[in-house]
Amino acid sequence: MERRLAREAAMCLYYERAIKKDPHADSTTLIDMGDVLHRARLDDENLAYIDSALHLYEQHLSEIDACIEQYCRTWKLDRLSRVDLSILRLAVAEMRYIDEIPYKVSVNEAVELAKKYSDEKSPNFINGILRAISQAENERQAGGYAFF
């Protein structure tokens, strides 16, 4: 459960950056979330996950967005809700850059975040995009076509 809370915190921080349109913005959300994170008593591993997720956002935002755009064929990123975009960005960052998190976990957790924070159609939309990305990555690793 702690990892889910850490993932939720990271998604909120991604959302904050999407609203501010500055990937390097100082985080007021993390300060505001400090009390929640303290009460949850997240261990060092989960706090490190949040830091890693923020680093991935800052360093790889353009690649993450390009991946989402590639599989989100009928929608431009600026038409997606900021919440959905933040959830997708976090999941793609995990899938692409955090090897120890299985794709299925990233997809499932993204769908759960969408159920909690977005509208009723978002979980299916997010699931479809992320499953296509994960299938393409699995095929690439098996010697199929290029990915990302």
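Residues numbered from 1 in each chain as written. Predicted model: local features only at pLDDT ≥ 70, side-chain atom pairs only at ≥ 80, totals over all residues. Heavy atoms only, no water.

**Student:** So, the nonpolar core: which residues are in play, and what are the values?
**Tutor:** Formed by 43 residues in total, the largest nonpolar core has its most connected members in Tyr49, Ile50, Ile68, Ile87, Leu90, Leu130 and Ile133. Counting residues per element, this core draws most heavily on helix α3 (residues 44–71), at 11 residues. (Core = buried A, V, L, I, M, F, W, Y, C linked by side-chain atoms within 4.5 Å. Buried < 20%, exposed > 50% of the residue type's maximum accessible area, 1.4 Å probe, protein only. Helix = DSSP H or I, 4+ residues; strand = E, 2+ residues; numbered from the N terminus.)

**Student:** Break down helix α6 (residues 122–141) for me, citing the residues and quoting the values.
**Tutor:** Over its 20 residues, α6 extends 28 Å from the first C-alpha to the last, a length consistent with the 28 Å expected when each residue adds 1.5 Å. Those residues of α6 that fall on the buried side of the exposure criterion are Ser122, Pro123, Ile126, Ile129, Leu130, Ile133, Ser134, Ala136 and Glu137. Summarising the contacts, the buried residues of α6 are in contact with α3, α4 (82–97) and α5 (103–117). (Expected span 1.5 Å × (residues − 1). Contact = heavy atoms within 4.5 Å.)

**Student:** Help me get a handle on the packing of aromatic side chains, residues and values and all.
**Tutor:** Tallying each qualifying case throughout the model produces two aromatic pairs. Judged by centre distance (4.6 Å) and plane angle (55°), the rings of Tyr14 and Tyr57 are tilted. Highlighted residues: Tyr14 in helix α1 (residues 2–20) and Tyr57 in helix α3, separated in sequence by 43 residues. Judged on exposure class, the residue Tyr14 and its partner Tyr57 are both buried. Ring geometry for Trp75 and Phe125: centres 6.4 Å apart, planes at 70°, overall edge-to-face. (Phe/Tyr/Trp six-rings, centres within 6.5 Å; stacked < 30°, edge-to-face > 60°.)

**Student:** Got a sec to walk through α5? Specific residues and values, please.
**Tutor:** The end-to-end C-alpha distance of α5, which contains 15 residues, comes to 21 Å, matching closely the 21 Å that a straight helix rising 1.5 Å per residue would cover. Buried within α5 we find Tyr103, Ser106, Val107, Glu109, Ala110, Val111, Leu113 and Ala114. Looking at the buried positions of α5, the neighbouring elements they touch are α1, α4 and α6.

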